[in-house]
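The residues making up each chain are set out below.
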Amino acid sequence: MLKVKHLTKRYDTHVALDDFSAEFPLGCINVIIGPSGCGKTTLFSCISGLEPFEQGVIEYNGNVLIEGNRPVKQDTHVIGYVLQGFSLFAHLTVLDNLTLAPRLVHKLPRKDAEARAREMLEKMHILDKQHDYPNQLSGGQQQRVAIARAIMMNPRVLLLDEPTNALDPQLVYALEKTIKELVADGLTLIVSTHHMGFADRIADYSYFVHRGELLTASEKANLLHNPQYPEIQRFIQNEEERVSHLD
Amino acid sequence: MFPTWINAVIEGLPLFGEGLRTTLSLFFQAGVIGFVLGCIVALGKSRYIPRVYPLAWFYVELFRNIPLLVILFFFYYALQFTGYVAGLLALIAWASAFTAEVVRAGIESLEEEQIKAARLLGLSRFQLISHLVMPQALMRILPVLANQFMNLAKNTSIVYFVGVLDVTYAFEQNSAKYFLFFQFFFIALGIYITLCLIIIYAFRLLEYFTKTRRAIKPVIPSDDQALPEPA
Amino acid sequence: MDFLLTTSDLMLLWQGLQMTVLLACVASIFTLLLGIAVALYRFLMPGPFQWVGTLYVDGIRSMPLVLYLVLVFTILPVPPFQRAVFALATFNAAFIAEVIRSAVQSLDKNQMRAAALLGMSDYQIFMTIALPQSLARMIPAFINQFNTLLKDTSLVSLGTLELAKAGEILMERAWGHSFTVILIMGVVYFFVCLGLSVLGQSLEKVMRPWKRRKAPLGG
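Peer 1: Just to check I follow, could you spell out the sheet that holds strand 6 (residues 79–82) of chain A for this structure?
Peer 2: Strands in a sheet are paired, the pairing made by backbone hydrogen bonds, and the direction either parallel or antiparallel. Residues and elements named next belong to chain A. Spatially, 6-7-8-3-9-10 is the arrangement adopted by the six strands of the open sheet, whose pairing is mixed. Edge positions in the sheet fall to strand 6 and strand 10 (213–219), since each of these pairs with one other strand and no more. Adjacent strand axes in the sheet meet at a mean angle of 20°, parallel and antiparallel pairs treated alike. Relative to strand 8 (residues 188–193), strand 7 (residues 157–161) is paired through five bridges, and the arrangement is parallel. Looking across to strand 8, one finds that Leu 159 is bridged to Ile 190.

Peer 1: It is not clear to me how the interface of chain B and chain A should be interpreted in this structure. Could you clarify?
Peer 2: For an interface, size is often stated in terms of accessible area lost upon the parts coming together. The interface is formed by 20 residues belonging to chain B together with 26 residues belonging to chain A. Of the roughly 2100 Å² buried where chain B meets chain A, counting both sides, 64% is carbon and sulfur surface. On inspection of chain B and its partner chain A, the count reaches zero salt bridges. Among the secondary structure elements, those contributing two or more residues to the side of chain B that touches chain A are helix 5 (112–120) and helix 6 (125–140) of chain B.

Peer 1: Sorry if this is basic, but what is going on with the interface of chain C and chain B here?
Peer 2: Contact with chain C, which involves 46 residues of that partner, is made by 49 residues of chain B. On inspection of chain C and its partner chain B, the count reaches zero salt bridges. In this assembly, chain C and chain B are joined by four residue pairs in polar contact (both at pLDDT 80 or more). At the level of secondary structure, the elements contributing two or more residues to the side of chain C that touches chain B comprise helix 3 (65–75), helix 4 (80–105), helix 6 (122–152), helix 7 (163–173) and helix 8 (178–207) of chain C. Its residues assigned to classes, the side of chain C that touches chain B shows 25 nonpolar, eleven polar and ten charged.

Peer 1: So what exactly am I meant to see when it comes to the nonpolar core here?
Peer 2: A general tendency of soluble globular proteins is for nonpolar side chains to be buried together. Counting 158 residues, the largest nonpolar core has Leu2(A), Leu7(A), Ile58(A), Ile107(B), Ile158(B) and Phe171(B) as the members making the most contacts within it. For this core, the element with the most residues is helix 4 (residues 83–108) of chain B, which contributes 14 residues. Ignoring any residue separated from it by four or fewer positions in sequence, one finds Leu2(A) in contact with Ala22(A), Glu23(A), Phe24(A), Leu26(A), Ile47(A), Ile58(A), Glu59(A), Tyr60(A), Leu65(A), Ile79(A), Val157(A) and Ile190(A). Counting 45 residues, the second largest nonpolar core, distinct from the first, contains Leu88(A), Leu187(A), Ala199(A) and Leu223(A).

Peer 1: Is there a simple way to think about helix 3 (residues 110–123) of chain A in this case?
Peer 2: Every α-helical turn comprises 3.6 residues, leaving residues that sit three or four positions apart pointing alike. All names here are of chain A. Taking 1.5 Å per residue, 14 residues should reach 20 Å; helix 3 reaches 20 Å between its end C-alpha atoms and fits that length. Those residues of helix 3 that sit buried are Ala 113, Glu 114, Ala 117, Met 120 and Leu 121. Viewed end-on, helix 3 has its buried residues packed into an arc of 120°, placing them on one side of the element. In helix 3, the exposed positions angled more than 90 degrees off the buried face are occupied by Lys 111 and Glu 119. Remark: His 125 follows helix 3 within two positions and exhibits a positive phi of approximately 65°.

Peer 1: What is the right way to read a nonpolar patch on the surface from this model?
Peer 2: On the surface, Val32(B), Ile33(B), Val36(B), Leu37(B) and Ile40(B) cluster together to form a nonpolar patch covering roughly 410 Å² of accessible area. For Ile33(B), a relative accessible area of 42% corresponds to the partly exposed category.

Peer 1: Help me understand the confidence of the model for chain B in this model?
Peer 2: Parts of the model with low pLDDT should not have their predicted coordinates read in detail. All names here are of chain B. Chain-level statistics for chain B give a pLDDT mean of 88 and a share of 91% at 70 or above. Element-level pLDDT for chain B is lowest in helix 5, with a mean of 88, against a maximum mean of 95 in helix 4. This stretch, residues 222–231, has a pLDDT under 50; its non-local contacts, to residues over four places away or in other chains, come to 26 contacts.

Criteria and cut-off values
Residues numbered from 1 in each chain as written. Chains lettered and ligands numbered in written order. Predicted model: local features only at pLDDT ≥ 70, side-chain atom pairs only at ≥ 80, totals over all residues. Heavy atoms only, no water. Pairing = 2+ DSSP bridges. Helix = DSSP H or I, 4+ residues; strand = E, 2+ residues; numbered from the N terminus. Axes fitted to C-alpha atoms, helices over the stretch in contact; angles between N-to-C directions. Contact = heavy atoms within 4.5 Å. Buried area = accessible area lost by both parts, 1.4 Å probe. Salt bridge = Lys/Arg side-chain N within 4 Å of Asp/Glu carboxyl O. Polar contact = N/O pair within 3.5 Å; in protein donor to acceptor, adjacent residues only side chain to side chain. Nonpolar A, V, L, I, M, F, W, Y, C, P; charged D, E, K, R; others polar. Core = buried A, V, L, I, M, F, W, Y, C linked by side-chain atoms within 4.5 Å. Buried < 20%, exposed > 50% of the residue type's maximum accessible area, 1.4 Å probe, protein only. Expected span 1.5 Å × (residues − 1). Arc of directions from axis to C-beta. Patch = residues over 30% accessible without salt bridge, like charges linked within 9 Å, V, L, I, M, F, W, Y side chains within 5 Å. Areas by Shrake-Rupley, 256 points an atom, 1.4 Å probe, with all protein chains shown as cover. pLDDT = per-residue confidence, 0-100.

Shown next as structure tokens:
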């Protein structure tokens, strides 16, 4: 169980997360749903240790990972996080993007790191791109490299922030397949999205976040099917409008 | 067959050779040391090295806002170094301050997201700087850096003022001795232009090998005007 | 060793500073005028005549100022002040011309086409459309160039009594005082130049919204 307890995060006076608590079961796909600006990205930044927060505890299997304002020490790399823009290292090839951190942080010899990276790229079906630079890849390929790079550090939990953004429908299906394969390998996923169809197809558990608070949670994406909260109804309405505009 | 001044010019050439040796050795020493020092100051000024920002700021502003000649006078008259050493020290101070500003622009052009990604992967501060920040920053500023090195090559002529025999001093000596201003002037100018061209093409080559496939966009610092754009 | 300079020594430095500022101001004005004229020439001249402008601009920019000064000071038979102004203006104008040219080049070409269709001459287009529009983005670069020019005035000490020369005279006369003299000179140059560059930066801030950078590693 990955537990987030009483997490509060402020930016100056703006409260991004207000006493946020949630429990994410391991070995399955957790989907966080909410309108943009509801605090999803902030939540991920806090869980991953990227940003300090005022209050709260992050626990994994009963071990405290991060507590309150304590300096973040992530030497165990329990949490992996794929940022929204992928942010690949522009000056390094795909292979070097994957091997850089294992070599520097885990002191893995280059040969071993590269062997593992090739395995990972094979799994992601982009082994033929190993010597290309990030700018030569399509958005979908960049995303797969970013995911592979995060997994190279052997995280137990992987955070994906809005992975369907800027993906074509076919690529969304491919991503769903990739995500399911990752879970089958024993990884826990926490995915944030405002794409309802995507959430519906992959979610084992879903959580609705509104204005920095957890509104409700459910198995599968049930909270979207018979929405009892006006916030969720409004969200669904907006999303449907947005999608119809796109068509 | 040849005009008579040709002989005088040929007689004057050895002096230019001697001057060129000084110019080159000043250029290479000040270039290497100034570049390394400039990178360190740039890291301080962009806060990658914690808590030295005010110091780095002062260093840069000090040597950018005092004429190179006055810096030279400081080492020559006040600290009483020999002309060559004073010139070298002044050029190092000058080059490092200007390089620092150029490198800083490259460092600050880095997307915050990439830094975040590296931190998520657990890279230490030093690893982040040596594997991510500096390589990318330097690749982005190569054209401006070339410009900076050309300015350094030209500014080595400052040692003329403390009587060190460099190319400019050789020009003055020769032209006074043989009374041939333009001929010797164009020899001196030719030497400086050749040096500048070598620098330009060396950097182009560097750019070709590091940037072509990566397609890293160059950064032009806002306060750096008039980039030489050789045809 | 006493660190106090006599009043006449200080007066010499004061005179030098006045000369430095005067020289910088006069040379800046001529630099600007000549720079605009060269940019205008390069804007108006058809291809075959471009090489004159290119030769001047690129020739100057690949030349050490000291070398240029030595040449001008040995062959130009006019009084030192005029010589210094001539040398500084003709040297820095090449850089100003280049600043103008790149700023004008980055302008929207369609406006100039539209003006040409309205029957405006190239000269009118340059003076009423290209120059005024690119002026805003050129001002920081101009100030930067004037700052360079101000520092360059220290090099014309070959014959002109400006601040650096005044300092040099004092230092050669009494080596014991050189530390004090250099300190005074450094401080004066530093504040004058810093003032100018702060002015440039604040002008740039007005024209380009610029935000202070926070620490990238949060430390």
